[in-house]
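The chain contents come next:
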Amino acid sequence: MRITCPLCGDRDRREFTYYGAADYLNRPGMGAPAEAWDAYLHLRDNPAGATRDLWYHEMGCAAWLVVNRDTVSHAVLSVRLVTDAQAEGGAA
Amino acid sequence: MGADMRYSGLRVIAEGLRGNRGWKPVWREPEPKSEYDMLIIGGGGHGLSTAYYLAKNHGIRNIAVLEKGYLGGGNIGRNTTIVRANYFLPGNQEFYSHSLKLWEGLEAELNYNVMHSQRGLINLFHSDGQRDAFARRGNAMITQGDDAELLDRDGVRALLPYLDFDNTRFPIYGGLLHRRGGTARHDAVAWGYARGADKRGVDLIQNCEVTGIDISAGRVTGVQTTRGAIRAKKVGIVVAGRSSQVAAMAGLRLPIESHILQAFVTEGLKPVIDHVISFGMGHFYISQSDKGGLVFGGDLDFYASYAARGNLPMVEHVMEAGMTLMPMIGRARVLRSWGGIMDMSPDGSPIIDRTPIEGLYIDCGWNYGGFKAVPASGWCMAHLMATDHPHEVARRFRLDRFASGHLLDEEGTGSQHNLH
Ligand SMILES: [Zn+2]
């Protein structure tokens, strides 16, 4: 598996650290109920197919990335900077 | 046991003399009925043992197991076969202790040779701090009623002289020996439970994929399948590896993320590794199968995946860890590798519980430890479905524990998907 970092280009998977589903971008507000925190931290769609997850280009530019992947084929479909994804309306 | 007695040494000899023409199919191939008392979705180890114990312990025989492929074709047929009861946390301890006791009687119970081999499991440690942690774990195991012995360096050397004891990064200080730990023949466990369930009247229905779960007024009423609709009062989801997809049919979102765990087998070698050895600091563990292959694995690839195959960086890492621990295996050739789909829960412990839907139960989240749990998981899931109360040894495997904070974080790393 290789991931194309928007800043660094096509790189080996070993340069990146997986963080988890893109749900982690939707952090509840301070006053959110416990159920919202449970959903944010624990509950997942966990799709077999197209998914969106967060990766950190640890051994590259240190950017946080939103990666569109296929969990069945391991194909990487598209990669964006988290900052770009959030600038276009918050949630990924 | 008498009623189940179909296999014996004498029978093998007699059939050998008669050209093995006397063996009969081990289970029926029934057509699904339109209604059952209970349905188990998933014909793997856990689903089959659930059906077996529903029939055996609770006398509930009007049951079907629905399997989308063939019986035992999932993770029960592909794993590193380790059986142990070396857990630390109350909640896990009593469950795995119960499971190991069931393993110890399983062959007599099922009249099926599951090749359970209590060859001893050794967890290595490499520092004073780790020794303290292992001594504490060993004491917890003994308090639970299981066995543990703390070995010093010479004690490990006496059993495993071929390890590299003076590795610069991870010199071996000793190990925690769990003599009752060992291995078993993985698919024989599925077949043994399948035969026992079939014999008690359970319909084992293969090539029958569940495509929908019928719910009316908050209560389950049956399922839709590729072989037609089937009504039932109670339905159990026992499909680790596909839990999120099946639960979604009932509108549930689970605290599960599916990850890939790779394992490897070498060509057959003469007996060389007598135990199960775990090298936690290198994320490596190994045993030798009765056919002679070295069976070994490592850690997760660490990204969500349903590919059932891993990537090369983890292959390289596992091989490096193996060479670090026991350079003697460097000339062995790897025959094959595979990647299993693991139901990873946020705290690394499983779930056996009711769901918010009346009559719908779930058994999932086995992380990378489902094989040894097969007997007790079925035992406890059957108890739950039959009585609507959690079994004593599985009462902490709650679905809502992540929301309530009653976690079972055996590794002590936290309760988030990226931490296990
Ligand atoms: Zn980069």
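Quick caveat: nothing in here was measured; it's all calculated off a predicted structure. (Residues numbered from 1 in each chain as written. Chains lettered and ligands numbered in written order. Predicted model: local features only at pLDDT ≥ 70, side-chain atom pairs only at ≥ 80, totals over all residues. Heavy atoms only, no water.)

Observations regarding the nonpolar core
All names here are of chain B.
- In this structure, Phe95, Trp103, Tyr193 and Ile352 are the most contacted members of the largest nonpolar core, which totals 52 residues.
- Broken down by secondary-structure element, the contributors of at least two residues to this core are β1 (35-41), α2 (45-58), β2 (63-66), α3 (93-104), α4 (106-110), α7 (186-199) and α10 (370-387).
- By residue number, the principal contributor to this core is α10, which donates nine residues.
- Filtering out sequence-adjacent residues up to four positions away, Ile352 remains in contact with Phe95, Ile362, Asp363, Trp366, Ser377, Cys380, Met381, Leu384, Ala394 and Phe397.
- In terms of nonpolar packing, the next biggest core, distinct from the first, is built from 29 residues, Ala232, Ile357, Cys364 and Phe402 among them. (Core = buried A, V, L, I, M, F, W, Y, C linked by side-chain atoms within 4.5 Å. Buried < 20%, exposed > 50% of the residue type's maximum accessible area, 1.4 Å probe, protein only. Helix = DSSP H or I, 4+ residues; strand = E, 2+ residues; numbered from the N terminus. Contact = heavy atoms within 4.5 Å.)

Overview of the coordination of the zinc ion
All names here are of chain A.
- Protein coordination at the zinc ion: the donors are Cys5 (SG), Cys8 (SG), His57 (ND1) and Cys61 (SG), at 2.1 to 2.3 Å from the metal.
- Classification of the site at the zinc ion as tetrahedral follows from its four donor atoms and the range of 103 to 119 degrees in their angles at the metal.
- Donor residues for the zinc ion sit on one chain with the sequence pattern C-x2-C-x48-H-x3-C.
- For His57, a relative accessible area of 0% gives the class buried.
- The exposure class assigned to Cys61 is partly exposed, which follows from its relative accessible area of 30%. (Donors = N, O, S within 2.8 Å, 3.2 Å for Na, K, Ca; no water. Tetrahedral: all angles 85-135°; square planar, octahedral: opposite > 155°, others 65-115°.)

Here's the deal with the packing of aromatic side chains
- Enumeration according to the criterion identifies 23 aromatic pairs over all chains in this entry.
- Between Trp55 of chain A and Tyr303 of chain B, the aromatic rings sit 6.0 Å apart at their centres with planes inclined by 35 degrees, giving tilted as the arrangement. Placement of the pair is Trp55 of chain A in strand β4 (residues 50-56) and Tyr303 of chain B in strand β15 (residues 293-304), with the two residues belonging to separate chains. We note that Trp55 of chain A, like Tyr303 of chain B, is buried.
- Three or more aromatic residues link up through ring pairs in this structure, and these residues are Tyr19, Tyr24, Trp37, Tyr40, Tyr56 and Trp64 of chain A.
- Over the ring of Tyr24 of chain A we find Arg44 of chain A; its NZ or CZ atom is 4.7 Å from the centre of that ring.
- Here the basic side chain of Arg157 of chain B rests over the ring of Phe165 of chain B, its NZ or CZ set 4.4 Å away from the ring centre. (Phe/Tyr/Trp six-rings, centres within 6.5 Å; stacked < 30°, edge-to-face > 60°. Lys NZ or Arg CZ within 6 Å of the ring centre and 35° of its normal.)

With respect to the pairing of strand β13 (residues 276-279) of chain B
Residues and elements named next belong to chain B.
- On β13, burial covers both faces: Val276 and Ser278 on one face and Ile277 and Phe279 on the other are all buried.
- In the sheet, strand β4 (residues 121-125) pairs with β13 via three bridges, with the strands oriented parallel. Bridge pairing in β13 places Leu121 opposite Val276.
- Here three bridges tie β13 to strand β14 (residues 284-288), and the two strands are oriented antiparallel to one another. When the sheet's bridge partners are listed, Ile277 is paired in β14 with Ile286.
- Hairpin remark: β13 followed by β14, antiparallel, with four residues in the connecting loop; positive phi at His283, about 50 degrees. (Pairing = 2+ DSSP bridges.)

Quick word on the interface of chain B and chain A
- In this complex, chain B contributes 28 residues to the contact, which on the side of chain A involves 25 residues.
- Summing both sides of the interface, chain B and chain A together bury roughly 2300 Å²; the carbon and sulfur share of this comes to 46%.
- Its largest share of buried area at the contact with chain A, chain B owes to Arg253, Tyr303 and Tyr306 of chain B, together 27% of the area lost on that side.
- Our count for the contact surface shared by chain B and chain A stands at three salt bridges.
- Among the ionic pairs, Arg253 of chain B bridges to Asp45 of chain A, the shortest N-O distance being 2.7 Å.
- Inspection of the region where chain B meets chain A yields 19 residue pairs in polar contact (both at pLDDT 80 or more).
- Those elements that place two or more of their residues in the side of chain B that touches chain A are α8 (243-248), β12 (257-268), β15, α9 (312-325) and α11 (401-404) of chain B.
- For the side of chain B that touches chain A, the element with the most residues is β15 of chain B, which contributes four residues.
- The residue makeup of the side of chain B that touches chain A, split by class, is 12 nonpolar, 10 polar and six charged. (Buried area = accessible area lost by both parts, 1.4 Å probe. Salt bridge = Lys/Arg side-chain N within 4 Å of Asp/Glu carboxyl O. Polar contact = N/O pair within 3.5 Å; in protein donor to acceptor, adjacent residues only side chain to side chain. Nonpolar A, V, L, I, M, F, W, Y, C, P; charged D, E, K, R; others polar.)

A few points about the confidence of the model for chain A
- This prediction gives chain A a mean pLDDT of 94; 96% of its residues lie at or above 70.
- Mean pLDDT per element in chain A: helix α2 (residues 82-87) of chain A is the minimum at 92, and strand β5 (residues 64-70) of chain A is the maximum at 98. (pLDDT = per-residue confidence, 0-100.)

Here we look at the packing of α3 of chain B against helix α5 (residues 128-144) of chain B
Residues and elements named next belong to chain B.
- α5 packs onto α3 with a crossing angle of 65 degrees between their chain directions and a minimal axis gap of 10 Å. Two packed elements cross with a definite hand, and for α3 against α5 that hand is right-handed. Between α3 and α5, the residues in contact are Gln93, Glu94 and Ser97 and Ala140, Met141 and Gln144, respectively.
- When grouped by side-chain class, the residues that make up the contact of α3 with α5 number two nonpolar, three polar and one charged. (Axes fitted to C-alpha atoms, helices over the stretch in contact; angles between N-to-C directions. Left-handed = near helix turned anticlockwise from the far one by under 90°.)

Structural notes on the pattern of salt bridges
- In this structure the tally under the stated criterion is 32 salt bridges over all chains.
- With a closest N to O distance of 2.5 Å, Glu316 of chain B and Arg14 of chain A form a salt bridge. Of this pair, Glu316 of chain B sits in helix α9 while Arg14 of chain A is found in the loop between β2 (9-12) and β3 (17-21), placing the two residues in two different chains.
- Among the ionic pairs, Glu94 of chain B bridges to Arg395 of chain B, the shortest N-O distance being 3.4 Å. Pair noted here: Glu94 of chain B is in helix α3 and Arg395 of chain B is in the loop between α10 and α11, with a separation of 301 residues, a long-range link.
- With a relative accessible area of 32%, Arg395 of chain B lands in the partly exposed category.
- Among the charged side chains, a network of salt bridges with common partners joins Asp23, Arg44 and Asp45 of chain A together with Arg253 of chain B.

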